[in-house]
Amino acid sequence: MSPDVQRDAVRARNAVAVVFGLNGFAFASWVSRIPESRANLDLTPGQLGTLLLALSVGSLVALPSAGLWVHRLGAARVVAAAAVLDAVGLAVTGVGAGGVHQAWLTGVGLLLLGFGSGVWDVAMNVEGAAVEHRIGRTIMPRFHAAFSLGTVAGAAVGAAAAGLGLPIPVHLGVAAAVVGLVPLFVVPSFLAAGTERDAETAAPRNPLRAWVEPRTLTIGLMVLALALTEGVANDWLAVALVDGYDVPAWLGASGFALFVSAMTLGRVSGTVVLDRFGRVPVLWATMALAAAGVLVVVFGQALPVVAVGVVMWGLGASLGFPVGMSAAADDPEHAAARVSVVSTIGYTAFLAGPPVLGYLGDHVGVLHALLLVAVLLVPSALAVPAARPTVRGGRDAAPDPEAG
């Protein structure tokens, strides 16, 4: 690699890391203020679950067309536009939840936030793959760690803002300015995503065939449960701590920050464990750890014990979604179609999770409703063997400790 090409690749790598982090920061900024927003809007758990559904609907509506936009406009332009839309959604959400106290306006903001985040997510991953190809080694996990670090930063700032009594519109307005403006300065460093592969050389195949492949669907079901494990904590952990343990909103937000910190640690260090023990044993172990963490959070009573449960839950939830994506992409020739199927199934958890937990919380309380996560992890463990590596050899092939 020539010095100029290497310099461009490094600049693009750093730019992609920044936009991954900002995407996580935007999401966590809103999540950290959910308890106060719920109180301002005077919502029951079920009503809050319905409101949170707007965020997932926005993302799911965006996903099918996002790839086409990236193909036509380029990842840099799509990320910049999606970041602005994300910022508008964040600001509108802040006004609705903390300014005029109107649930419908908050829902509109969340719909925009979800749509922008969904498009942004696809575009930044396409650019990340282009950078990875240019550099010639695996770096995608680091980008996802950057997203987690962004959620840590967003949660920490949100907890501080809540603790200091900073109004929600002010906090989310400032966050929106950062989220909308910073990408405009970094995306010019992007590579021309998509040029690393000539689409005409790909073997023709109907992408819908992936929807009838038993292994792909089984991986999707596994990812569905693991996405729910992560998504429930994102949407409900802070509220559950406030309701279940009668702690102030800033402490509930701190619990969410602790969760995303543990998840970040799990993603940064998890690659070593995966290489050493293989996907199946690691997934079983992390799922058991997540289930145990949920039980400790619900029944721990003492806050230090509950904090340990939050850490266990975060570590246990850290690897499921990315390992599911890797398993779906084991065969590079058909990776796009299979990852699309698994992602769609997995995102269903983010769509169904908020209202289901909310309605359940109306009857048993939000804290005890979290037990649904531990219950669903038990049968989903039966799907884990589908994630066993199927392709060996080649630069991108991972060791297969489960073979033999």
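Before reading further, recall that the structure is shown in the block above.
Just so it is clear, the model here is predicted, and its values are computed rather than measured.

## Observations regarding the overall build of the protein
- Secondary structure assignment for the protein yields 15 helices and zero strands.
- Sorting the 404 residues of the protein into buried and exposed places 52% on the buried side.
- Look at the contacts in the protein between residues 6 or more apart in sequence, and 83% of them connect residues 24 or more apart.
- Within the structure as shown, the protein displays about 16,900 Å² of accessible surface, and the carbon and sulfur contribution to it stands at 68%.

## Topic: the packing of aromatic side chains
- This structure, assessed with the given rule, holds two aromatic pairs.
- Between Phe20 and Phe143 the ring centres are 5.6 Å apart and the planes differ by 25°, which places this aromatic pair in the stacked class. One end of the pair, Phe20, is in helix H1 (residues 3–31); the other, Phe143, is in helix H6 (residues 140–163), with 123 residues separating them in the sequence. We note that Phe20, like Phe143, is buried.
- A centroid spacing of 5.8 Å and a plane angle of 75° characterise the contact between Phe259 and Trp313, whose relative ring orientation is edge-to-face. Taken as a pair, Phe259 in helix H9 (residues 249–277) and Trp313 in helix H11 (residues 303–317) lie far apart in primary sequence, 54 residues in all.
- Take Trp313: its relative accessible area is 0%, and that puts it in the buried class.
- Over the ring of Phe277 we find Arg276, and its NZ or CZ is 4.9 Å from the ring centre.

## Quick word on the environment of Gly255
- As for its position among the elements, Gly255 is in helix H9.
- Using a relative accessible area of 9% as the deciding quantity, one classes Gly255 as buried.
- Considered as a pair, Gly255 and Val242 are 13 residues apart in the sequence and their alpha carbons are 9.7 Å apart.
- Not counting the four nearest positions on each side in its chain, Gly255 is found in contact with Leu237, Leu241 and Val310.

## Topic: unusual backbone geometry
- In this model, Asp42 sits at a positive phi of 55°, which is unusual for a non-glycine residue.
- Residue placement: Asp42 occurs in the loop between helix H2 (34–41) and helix H3 (45–73).
- Judged by its relative accessible area of 65%, Asp42 falls in the exposed class.
- Not every positive phi belongs to a glycine, and His101 is a case in point at roughly 55°.
- By the secondary structure assignment, His101 is in the loop between helix H4 (75–98) and helix H5 (103–135).
- In this structure His101 comes out as partly exposed when scored by relative accessible area, which is 36%.

## Examining the packing of H2 against helix H8 (residues 214–245)
- Between H2 and H8, the shortest axis-to-axis distance is 8 Å and the interhelical angle comes to 70°. The angle between H2 and H8 places the two elements in the roughly perpendicular class. From H2, Ile34, Pro35 and Arg38 reach across to H8, where they touch Asn234, Asp235, Ala238, Val239, Val242 and Asp243.
- In terms of residue class, the contact of H2 with H8 is built from five nonpolar, one polar and three charged.

## What about the nonpolar core?
- Ranked by size, the top nonpolar core spans 110 residues in total, and within it Trp30, Trp120, Met222, Trp236, Phe259, Trp313 and Leu370 carry the most contacts.
- With 15 residues, H8 is the largest single contributor of residues to this core.
- Not counting the four nearest positions on each side in its chain, Trp236 is found in contact with Pro45, Leu48, Gly49, Leu52, Gly353, Pro354, Leu357, Gly358, Val366 and Leu370.

## Some details on the layout of surface pockets
- The calculated volume of the second largest pocket comes to roughly 160 Å³.
- The set of elements that each furnish at least two residues to the lining of the second largest pocket consists of H8, helix H13 (335–364) and helix H15 (371–380).
- The element contributing the most residues to the lining of the second largest pocket is H8, with five residues.
- Across the lining of the second largest pocket, the residue classes tally to 10 nonpolar, two polar and no charged.

## Description of the pattern of salt bridges
- Counted according to the given criterion, the structure contains three salt bridges.
- Where Arg38 meets Asp243, a salt bridge forms, and the shortest distance between an N and an O atom there is 2.7 Å. With Arg38 in helix H2 and Asp243 in helix H8, this residue pair connects regions lying 205 residues apart in the sequence.
- Relative accessible area serves as the criterion here: at 12%, Arg38 is assigned to the buried category.
- With a relative accessible area of 37%, Asp243 lands in the partly exposed category.

Conventions adopted
Residues numbered from 1 in each chain as written. Predicted model: local features only at pLDDT ≥ 70, side-chain atom pairs only at ≥ 80, totals over all residues. Heavy atoms only, no water. Helix = DSSP H or I, 4+ residues; strand = E, 2+ residues; numbered from the N terminus. Buried < 20%, exposed > 50% of the residue type's maximum accessible area, 1.4 Å probe, protein only. Contact = heavy atoms within 4.5 Å. Areas by Shrake-Rupley, 256 points an atom, 1.4 Å probe, with all protein chains shown as cover. Phe/Tyr/Trp six-rings, centres within 6.5 Å; stacked < 30°, edge-to-face > 60°. Lys NZ or Arg CZ within 6 Å of the ring centre and 35° of its normal. Axes fitted to C-alpha atoms, helices over the stretch in contact; angles between N-to-C directions. Parallel < 35°, antiparallel > 145°, perpendicular 65-115°, else oblique. Nonpolar A, V, L, I, M, F, W, Y, C, P; charged D, E, K, R; others polar. Core = buried A, V, L, I, M, F, W, Y, C linked by side-chain atoms within 4.5 Å. 1 Å grid on protein atoms, 1.4 Å probe; cavity = no way out; pocket = protein on both sides within 12 Å on 5 of 7 lines; lining within 4 Å. Points joined across faces, edges and corners; volume = space filled by probe spheres on them. Salt bridge = Lys/Arg side-chain N within 4 Å of Asp/Glu carboxyl O.

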